[in-house]
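# Coordinate analysis (summary)
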Amino acid sequence: MLKEKLQQIKDGNTNLYDHLTNVLTKILLDNPKNAFELFEDYSLQVKQSGYVFQKHQEYDNASRPIAQLDPEIAKQTLKLIGKINLGTEDEPQDPPQAGYVPNLPEEAVLFEWAGLAIDETYKIFKSLTLLSVTKQASQVRLWGKILGRNKDYFIAEGVAGTNVEDGELPPDVEARGSGVNTKSYWATTDILSNDWIELPLVYPQHITTARQIRYIFTGNLEADVITNPYFFGKEKHLLKAQIVRITQSTQIAPKGQFTLREDDIKEIDPTQDYKLPPFNQLITLDSWVHKTQAILKCGRLTIQLPADLGDKDPEVEQKLMEAADPQEPRLKPLSQDRILGRRGWKIRICGDTTDYNPQAKDVKNKQNNGVIVIKSNTWPGLVSVYQNKVFQQMYVGYGFKLSDQHFYPKQPQLVQNEAVDVPEQPEPNFPAEVPQQPID
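Please read these numbers as outputs of a predicted model, since none were measured by experiment. In this numbering scheme, every chain counts its residues from 1 along its sequence in written order. Reporting in this predicted model follows two pLDDT cut-offs: at least 70 for local features of residues, and 80 or more for side-chain atom pairs to be given and counted; totals over whole chains, interfaces and linings ignore these cut-offs and use all residues. Computation of side-chain values covers all heavy atoms of the structure but excludes hydrogens and water.

On to the overall build of the protein, then. When helices and strands are counted, the protein shows nine helices and 18 strands. The C-alpha radius of gyration computed for the protein amounts to 31 Å, which surpasses the reference 22 Å derived for 440 residues by more than 25%, pointing to a less compact arrangement than a globule. Taking the principal axes of its C-alpha atoms as reference, the protein extends roughly 115 × 90 × 60 Å. Type-normalised accessible area, obtained with a 1.4 Å probe on protein chains alone, sets the label of each residue: buried when under 20%, exposed when over 50%, and partly exposed for intermediate values. Within the protein, buried positions represent 37% of all 440 residues. Throughout, a contact is declared for two residues whenever any of their heavy atoms are within 4.5 Å. The long-range fraction of contacts in the protein, counting pairs at least 24 apart against all pairs at least 6 apart in sequence, stands at 61%. Note on areas: Shrake-Rupley, 1.4 Å probe, and residue coverage restricted to the protein chains presented here. A total of about 28300 Å² of accessible surface is found on the protein, and carbon and sulfur atoms cover 51% of it. The helix count covers DSSP runs of H or I at least four residues long, the strand count covers runs of E at least two residues long, and both are numbered beginning at the N terminus. The size measure is the radius of gyration over C-alpha atoms, and the globule rule it meets is 2.2 Å times the number of residues to the 0.38 power.

Moving on to the pattern of salt bridges. The working definition used for a salt bridge is a side-chain nitrogen of Lys or Arg within 4 Å of a carboxyl oxygen of Asp or Glu. Evaluation of the coordinates by the stated rule reveals 13 salt bridges. Across the pair Lys 26 and Asp 30 runs a salt bridge, and its minimum N-O distance is 2.9 Å. Of this pair, Lys 26 and Asp 30 both sit in helix H2 (residues 16-30), separated by four residues, roughly a single helical turn. Its relative accessible area of 0% is what places Lys 26 among the buried residues. Arg 141 is the salt-bridge partner of Glu 157, the closest N and O atoms lying 2.9 Å from each other. With Glu 157 in strand E4 (residues 153-159) and Arg 141 in strand E3 (residues 138-146), this residue pair connects regions lying 16 residues apart in the sequence. Of the two residues examined, Glu 157 and Arg 141, each falls in the buried class.

Strands qualify as paired when DSSP identifies two bridges or more between them. Judged from the three bridges that link them, E3 and strand E18 (residues 390-397) form a sheet pairing that is parallel. Bridging from a neighbouring strand, Lys 145 pairs with Val 396 of E18. In this structure, the hairpin formed by strand E17 (residues 382-387) and E18 is closed by a connection of two residues, where Asn 388 is found at a positive phi of approximately 50°.

Here is the structure:
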């Protein structure tokens, strides 16, 4: 049955069954030491040379073709993983001191416990390091990956340098470094090119509209977003809005790591002399809380009073606006989140959960190699992983929030104006036919 299916898959005069037979037979006859690594080369060799195992002795192994890497890709790869040079080949220039960039190859091992595999981690790590140097950004990390129709976006998170100018902003936009624009984000579709483009500041209007639409990104930051209701901005503005929405909703921390301020319960501070609890005290959703503040309905993190209040009392207006757009409690446990009638998070324990040296009084002397995986049901694709006091988080998905609404109509095209009516004209009076004169 399987043989017949393989024989039905054809390419020209050869079917898949015969091709695999020739490849495997040649590997057995040649008996190379690294057969697993050379399997693709053997397959390419059989295709290009028309090798048939019955005529193995007539085949010249010296002329065996080898799969070659694209020279341009090889050149870009060597430039990326090599020593950073901000000058030219003739006049090299050493880069300034770069900020700390997490070791992504080590983090990738953690994310594998959550079923999240990251390709080419070292190239991404080197690209993030180069981003930190060239943009003078700090706290740079791989935020995640937004999938698209034509290309995918790699997203980097960090704090932009002080030399960035945003120009004059509308009064309702929260300034860089505050509110929804606390962190900066860069996007690229090609890690090798190192063409990281910083996404613009997000406006409240972008967030409020993004909540009403569902859009699959194209991979072109300058593409128009055709949706209904109309989105005032390009794809780069919608991308930044979705990233901010996901970040503000999913940043979590162990319970007790932060405490509410006594004078303002809307703000939090790190707990002094905080120590992570044992592994067995972190295996429930009650043990984890929201770290960041949720975005208000107005698309900001804070209420903004109108510029012209007239005779109205600002304090009274502030309270009225806060009552109409209340803020969620800070440090809310994950177990209280609900989405479409079910829990907003799911937690899974894996790995070796044995406590080693359990008699030790100090938590630092205890060892537990178990892994805690926390996934968001509200934003599918967001995973958080904890092991041995190391906590990492990443998002890979289309930027969709879980919803029971499946139909998102597009914005109709603009209706063209009707053509101008042409004034009526009298019927043309054709002249009578002139009889032709006979030719002598």
